[in-house]
Amino acid sequence: LAKTTQPISMDSYEGQEVNITCSHNNIATNDYITWYQQFPSQGPRFIIQGYKTKVTNEVASLFIPADRKSSTLSLPRVSLSDTAVYYCLLLYNFNKFYFGSGTKLNVKP
Amino acid sequence: EPEVTQTPSHQVTQMGQEVILRCVPISNHLYFYWYRQILGQKVEFLVSFYNNEISEKSEIFDDQFSVERPDGSNFTLKIRSTKLEDSAMYFCASRAGEQFFGPGTRLTVL
């Protein structure tokens with residue numbers, strides 16, 4: 001199974017754009033890339049999902065280069081409430097979801 | 001907005017006891033999942049369930065674990081003989097497209 005690698009932590013300030021990159025060198029042809037957000041003592045929450053190129057929704061953008069060996073989650077103008085752990089996942093057959101260690105984002109005032 | 005619910009929110013049990021964790025997935029979802037998260041660690045996949053049978057399971061999901069959909073709404077995880085290392089948050093999830101997670105059950109094994 002393809003593994004994902006993310007930075008352990010990142011710091012940012014309110015109002016800045018934050019980009020979190022995930023490496024997945026051994027991604028399989030059928031894998032989709034999904035990002036989740038988790039606050040302490042809560043279940044993960046879906047942010048965005050993509051297969052290639054760029055996907056954008058109301059909260060984030062996801063950039064995936066042509067080789068799909070990495071992906072970047074972009075959060076525009078973060079606020080204090082965006083302080084959380086962000087996980088990059090590869091969807092294996094859509095029935096087996098493996099979370100990596102996640103990136104702890106700390107947004108400062 | 002529809003949501004996944006889980007009961008109880010916190011379960012304390014003695015080592016060796018059986019526990020059943022309950023989940024009510026979102027009503028029109030067909031795929032169901034259990035995950036666990038040991039304090040301070042990452043979320044770990046346990047099992048996926050579709051069409052009344054297990055689709056995938058991880059190496060964590062051994063013979064001590066079982067899942068069931070006893071009726072049209074509930075989805076349960078049973079741990080037959082709990083161990084200290086089973087202490088964790090257990091999350092249920094369901095999906096039609098994207099996965100929705102429940103708030104979790106904190107299991108404490110003494």
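Being a predicted model, the structure only gives us computed values, none of them experimental.

To continue, consider the interface of chain A and chain B. Often the size quoted for an interface is simply the accessible area lost on bringing the parts together. At the junction of the two partners, chain A supplies 18 residues and chain B supplies 23 residues. Both faces considered, chain A and chain B share a buried interface measuring about 1,600 Å² in area, 53% of it formed by carbon and sulfur atoms. Its largest share of buried area at the contact with chain B, chain A owes to A:Asn95, A:Phe97 and A:Phe99, together 35% of the area lost on that side. The tally of links between chain A and chain B comes to 0 salt bridges. Linking chain A to chain B there are 3 residue pairs in polar contact (both at pLDDT 80 or more). Those elements that provide at least two residues to the side of chain A that touches chain B are β3 (32–38), β8 (84–92) and β9 (96–99) of chain A. The element best represented in the side of chain A that touches chain B is β9(A), accounting for 4 residues. By residue class, the composition of the side of chain A that touches chain B is 9 nonpolar, 8 polar and 1 charged.

The omega angle of the peptide bond from B:Thr7 to B:Pro8 is -10 degrees, so this bond is cis rather than trans. Tracing the backbone shows B:Pro8 in the loop between β1 (5–7) and β2 (10–13). Although it is not a glycine, A:Ser41 sits at a positive phi angle of roughly 60 degrees. With respect to the helices and strands, A:Ser41 occurs in the loop between β3 and β4 (45–50). A relative accessible area of 55% places A:Ser41 in the exposed class.

Ranked by size, the top nonpolar core spans 22 residues in total, and within it B:Trp34, B:Leu46, B:Phe61, B:Val67, B:Phe75, B:Leu77 and B:Tyr90 carry the most contacts. Where this core is concerned, the elements lending two or more residues are β3 (19–24), β4 (31–37), β5 (44–50), β7 (65–68), β8 (75–79), β9 (88–95) and β11 (105–109) of chain B. Ranked by size, the runner-up nonpolar core spans 20 residues in total, among them A:Val18, A:Leu75, A:Ala84 and A:Cys88.

Our focus in this paragraph is the packing of aromatic side chains. A ring pair, where both rings are aromatic, is described by two values, the distance of the centres and the angle of the planes. Under the criterion given, the structure shown has 16 aromatic pairs over all chains. On the numbers, 5.4 Å between centres and 40 degrees between planes, the contact of B:Phe32 with B:Phe75 is tilted. One end of the pair, B:Phe32, is in strand β4; the other, B:Phe75, is in strand β8, with 43 residues separating them in the sequence. A residue is classified by how much of its surface remains accessible, and B:Phe75, at 0% relative accessible area, is buried. Aromatic pair B:Phe49 and B:Phe75: ring centres 5.2 Å apart, planes at 45 degrees, arrangement tilted. Placement of B:Phe49 in strand β5 and of B:Phe75 in strand β8 is noted, with a sequence separation of 26 residues between them. Judged on exposure class, the residue B:Phe49 and its partner B:Phe75 are both buried. By way of ring pairs, the aromatic residues A:Tyr36, A:Phe46, A:Tyr87, A:Phe97, A:Phe99, B:Tyr33, B:Tyr35, B:Phe45 and B:Phe101 are connected into one cluster. Above the plane of the ring of A:Tyr51 lies A:Arg68, whose end atom (NZ or CZ) is 3.9 Å from the centre. Above the plane of the ring of B:Tyr31 lies B:Arg95, whose end atom (NZ or CZ) is 4.2 Å from the centre.

Sheet strands line up and pair through hydrogen bonds in the backbone, either parallel or antiparallel. Residue and element names in this part refer to chain B. With respect to topology, 4 strands assemble into an open sheet ordered β1-β3-β8-β7, the strand pairing being antiparallel. Both edges of this open sheet fall to β1 and β7, since each of them pairs with a single strand only. Shown here is a sheet whose adjacent strand axes are inclined to one another by a mean of 20 degrees, direction ignored.

So, about the state of the cysteines. The final tally for this structure, using the stated rule, is 2 disulfides over all chains. Covalently, A:Cys22 is tied to A:Cys88 through a disulfide, its sulfur atoms 2.2 Å apart. Linking A:Cys22 and A:Cys88, the disulfide has an S-S dihedral of approximately -75 degrees and is accordingly described as left-handed. Within this pair, whereas A:Cys22 is found in strand β2 (residues 18–23), its partner A:Cys88 is found in strand β8, the two being separated by 66 residues in sequence. Look at A:Cys88 and you get buried, because its relative accessible area is 0%. A sulfur-sulfur separation of 1.9 Å characterises the disulfide bridge that pairs B:Cys23 with B:Cys92. Disulfide B:Cys23 to B:Cys92: torsion about the S-S bond roughly -60 degrees, handedness left-handed. Of this pair, B:Cys23 sits in strand β3 while B:Cys92 sits in strand β9, and the two are 69 residues apart along the sequence. You'll find B:Cys23 and B:Cys92 in the same group, each marked buried.

Here is what the cut-offs are and how they apply
Residues numbered from 1 in each chain as written. Chains lettered and ligands numbered in written order. Predicted model: local features only at pLDDT ≥ 70, side-chain atom pairs only at ≥ 80, totals over all residues. Heavy atoms only, no water. Contact = heavy atoms within 4.5 Å. Buried area = accessible area lost by both parts, 1.4 Å probe. Salt bridge = Lys/Arg side-chain N within 4 Å of Asp/Glu carboxyl O. Polar contact = N/O pair within 3.5 Å; in protein donor to acceptor, adjacent residues only side chain to side chain. Helix = DSSP H or I, 4+ residues; strand = E, 2+ residues; numbered from the N terminus. Nonpolar A, V, L, I, M, F, W, Y, C, P; charged D, E, K, R; others polar. Buried < 20%, exposed > 50% of the residue type's maximum accessible area, 1.4 Å probe, protein only. Core = buried A, V, L, I, M, F, W, Y, C linked by side-chain atoms within 4.5 Å. Phe/Tyr/Trp six-rings, centres within 6.5 Å; stacked < 30°, edge-to-face > 60°. Lys NZ or Arg CZ within 6 Å of the ring centre and 35° of its normal. Pairing = 2+ DSSP bridges. Axes fitted to C-alpha atoms, helices over the stretch in contact; angles between N-to-C directions. Disulfide = S-S within 2.5 Å.

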